[in-house]
Amino acid sequence: MQKKVYFLSGFPRSGNTIISTILNQNKDIAVSGHSSLVNCFFNLELVKNTYTYNNFKDENSIENIKKKLVHNYYNNWPQKYIIDRGEWGTPYNYSPYIIFFILNQLLKFVPNNNNT
């Protein structure tokens, strides 16, 4: 059976919980709690900033993981329709990630200052 996966994201107090509760009453639908799937994708991107990856770049392997990640994440769920309720694209939830990512990128351009 081929599952269909949808994504639900929203700001706090916007009605996600009530929608999830209603949809979860259908036996063919499963809405995740707060999924870690978005963090999996984000961390795969962070791998590209590691020493090992930069010495042995293999973009195709990372893309292969990404292509199968959603399917594998929900592989054991019996429902036909999966709604991933995660922090997809909400600036409220992503601000720590964005700050970390930007700082990490900026540090690449700051020369080492060992003269102190």
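Going by the structure above, here's the rest.
Rules and cut-offs
Residues numbered from 1 in each chain as written. Predicted model: local features only at pLDDT ≥ 70, side-chain atom pairs only at ≥ 80, totals over all residues. Heavy atoms only, no water. Core = buried A, V, L, I, M, F, W, Y, C linked by side-chain atoms within 4.5 Å. Buried < 20%, exposed > 50% of the residue type's maximum accessible area, 1.4 Å probe, protein only. Helix = DSSP H or I, 4+ residues; strand = E, 2+ residues; numbered from the N terminus. Contact = heavy atoms within 4.5 Å. Patch = residues over 30% accessible without salt bridge, like charges linked within 9 Å, V, L, I, M, F, W, Y side chains within 5 Å. Areas by Shrake-Rupley, 256 points an atom, 1.4 Å probe, with all protein chains shown as cover. Salt bridge = Lys/Arg side-chain N within 4 Å of Asp/Glu carboxyl O. Phe/Tyr/Trp six-rings, centres within 6.5 Å; stacked < 30°, edge-to-face > 60°. Pairing = 2+ DSSP bridges. Axes fitted to C-alpha atoms, helices over the stretch in contact; angles between N-to-C directions.

Peer 1: Any chance you could explain the nonpolar core here in plain terms?
Peer 2: If you look at soluble globular proteins, the nonpolar side chains tend to sit buried side by side. Counting eight residues, the largest nonpolar core consists of Ala-30, Leu-37, Phe-41, Leu-44, Leu-69, Val-70, Tyr-74 and Ile-82. Of all the secondary structure elements, the ones that give two or more residues to this core are α2 (37-47) and α4 (59-73). Looking at which element gives the most residues to this core, the answer is α2, with three residues. Apart from the residues lying within four places of it in its own chain, the contact partners of Leu-44 are Ile-62, Ile-65, Lys-66 and Leu-69.

Peer 1: Help me understand a nonpolar patch on the surface, please; the structure alone is not making it clear to me.
Peer 2: Residues Ile-18, Ile-19 and Ile-22 make up a contiguous nonpolar surface patch of roughly 290 Å² in combined accessible area. Within the secondary structure layout, Ile-18 lies in helix α1 (residues 16-23).

Peer 1: Explain the pattern of salt bridges here, please?
Peer 2: All told, the structure shown has five salt bridges when counted by the stated rule. One salt bridge in this structure joins Lys-27 and Asp-28, with 3.8 Å as the shortest N-O distance. Its relative accessible area of 22% is what places Asp-28 among the partly exposed residues. Between Glu-45 and Lys-66 there is a salt bridge whose closest N-O contact spans 2.2 Å. Of this pair, Glu-45 sits in helix α2 while Lys-66 sits in helix α4, and the two are 21 residues apart along the sequence. Accessibility expressed as a relative area gives 17% for Lys-66, which makes it buried. Here the salt bridges share partners, and the residues they tie into one network are Glu-45, Lys-48, Glu-59, Glu-63 and Lys-66.

Peer 1: What am I meant to see in the packing of aromatic side chains here?
Peer 2: Any two aromatic rings considered together are summarised by their centre-to-centre distance and by the angle between their planes. Inspection of every chain in the model, using the stated rule, returns two aromatic pairs. Between Tyr-73 and Tyr-74 the ring centres are 4.8 Å apart and the planes differ by 75 degrees, which places this aromatic pair in the edge-to-face class. In this structure Tyr-73 comes out as partly exposed when scored by relative accessible area, which is 31%. The buried category is assigned to Tyr-74, whose relative accessible area is 1%. Seen from their ring centres, Tyr-74 and Trp-77 are 4.8 Å apart, and the 90 degrees between their planes marks the pair as edge-to-face. Taken together, the ring pairs connect Tyr-73, Tyr-74 and Trp-77 into an aromatic cluster.

Peer 1: Mind showing me how you'd approach the sheet that holds strand β2 (residues 29-31) here?
Peer 2: The strand order across the open sheet built from three strands is β1-β3-β2, with neighbouring strands paired in parallel fashion. Unpaired on one side and paired on the other, β1 (4-8) and β2 mark the two borders of the sheet. This sheet shows a mean twist of 20 degrees between the axes of neighbouring strands, independent of strand direction. Of the pairings in the sheet, the one linking β2 to strand β3 (residues 81-85) comprises three bridges and is parallel in character. Looking at the pairing, Ala-30 lines up with Ile-82 of β3.

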